[in-house]
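This is what each chain is made of:
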Amino acid sequence: MTNMQRREIRNHLVQGLNNLDGQNLDANLVVESCPDENDYATQLTQQGVNLAMQRRRIARLDELENALKRLRETDYGVCDECGEDIGIARLKANPSARLCVVCQSMVEDGLICCA
Ligand SMILES: [Zn+2]
């Protein structure tokens, strides 16, 4: 990976983190018990949705932060299996990718085994 590509992917990751920071999801939405059962059910549903979004957001944050950490190391963007560049488009779509497209498809086809 060239220095320019590293910069490009780092900007992409940092931007992704900033976007996540901008979303203030209220996961601690208090469900008030209210006399109307429909309202109560709606609030419970909303709380479930918020919690699911919050969990996804945290998983995404972890993924981006791990990718940034690995980017500071030299092995980021290099396929664990064949040592080729994973490719910047693939890394942008999937920052935690450790295999190139070719090796990934071989793993999925069961042709190689990856730990
Ligand atoms: Zn590979």
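As a convention, each chain's residues are numbered from 1 in the sequence order in which they are written. Per-residue local features of the predicted model are confined to residues with pLDDT of at least 70, and side-chain atom pairs are confined, for both listing and counting, to 80 or more; whole-chain, interface and lining totals are unaffected and use all residues. Calculation of side-chain values draws on the structure's entire complement of heavy atoms; hydrogens and water are dropped beforehand.

Details of the pattern of salt bridges
The following threshold applies: Throughout this description, the term salt bridge denotes a Lys or Arg side-chain nitrogen within 4 Å of a carboxyl oxygen of Asp or Glu. Here a strand is any run of E in DSSP of at least two residues, a helix any run of H or I of at least four, and the numbering for each starts at the N terminus. Only protein chains enter the accessibility calculation, which uses a 1.4 Å probe; a residue is then buried when its area is under 20% of its type maximum, exposed when over 50%, and partly exposed in between.
This model, assessed by the stated rule, comprises three salt bridges. The salt bridge partner of Glu 8 is Lys 92, with a shortest N-O separation of 2.8 Å. Here Glu 8, found in helix H1 (residues 3-22), pairs with Lys 92, found in helix H3 (residues 88-93); they are 84 residues apart in sequence, far enough to count as distant. For Glu 8, a relative accessible area of 35% translates into the label partly exposed. Asp 80 is paired through a salt bridge with Arg 98; the nearest N and O atoms lie 3.6 Å apart. A residue pair is termed long-range when its members are at least 10 positions apart, and Asp 80 in the loop between helix H2 (37-72) and H3 and Arg 98 in the loop between H3 and helix H4 (101-108) qualify at 18 residues. Since its relative accessible area comes to 45%, Asp 80 is described here as partly exposed.

Quick word on the coordination of the zinc ion
How we decide: Each metal's donors comprise the N, O and S atoms found within 2.8 Å of it (within 3.2 Å for Na, K or Ca). Water is not part of the atom list, so some coordination spheres may appear incomplete. Only four donors with every angle between 85 and 135 degrees are called tetrahedral; only four or six donors with opposite donors over 155 degrees apart and all others between 65 and 115 are called square planar or octahedral, in that order; all others are irregular.
Binding of the zinc ion to the protein goes through Cys 79 (SG), Cys 82 (SG), Cys 100 (SG) and Cys 103 (SG), at separations of 2.3 Å. Coordination at the zinc ion is tetrahedral, judged from the four donor atoms that bind it and the angles of 105 to 116° they form at the metal. Mapped onto the sequence, the donors of the zinc ion take the spacing C-x2-C-x17-C-x2-C. An identical accessibility class is assigned to Cys 100 and Cys 103; each is buried.

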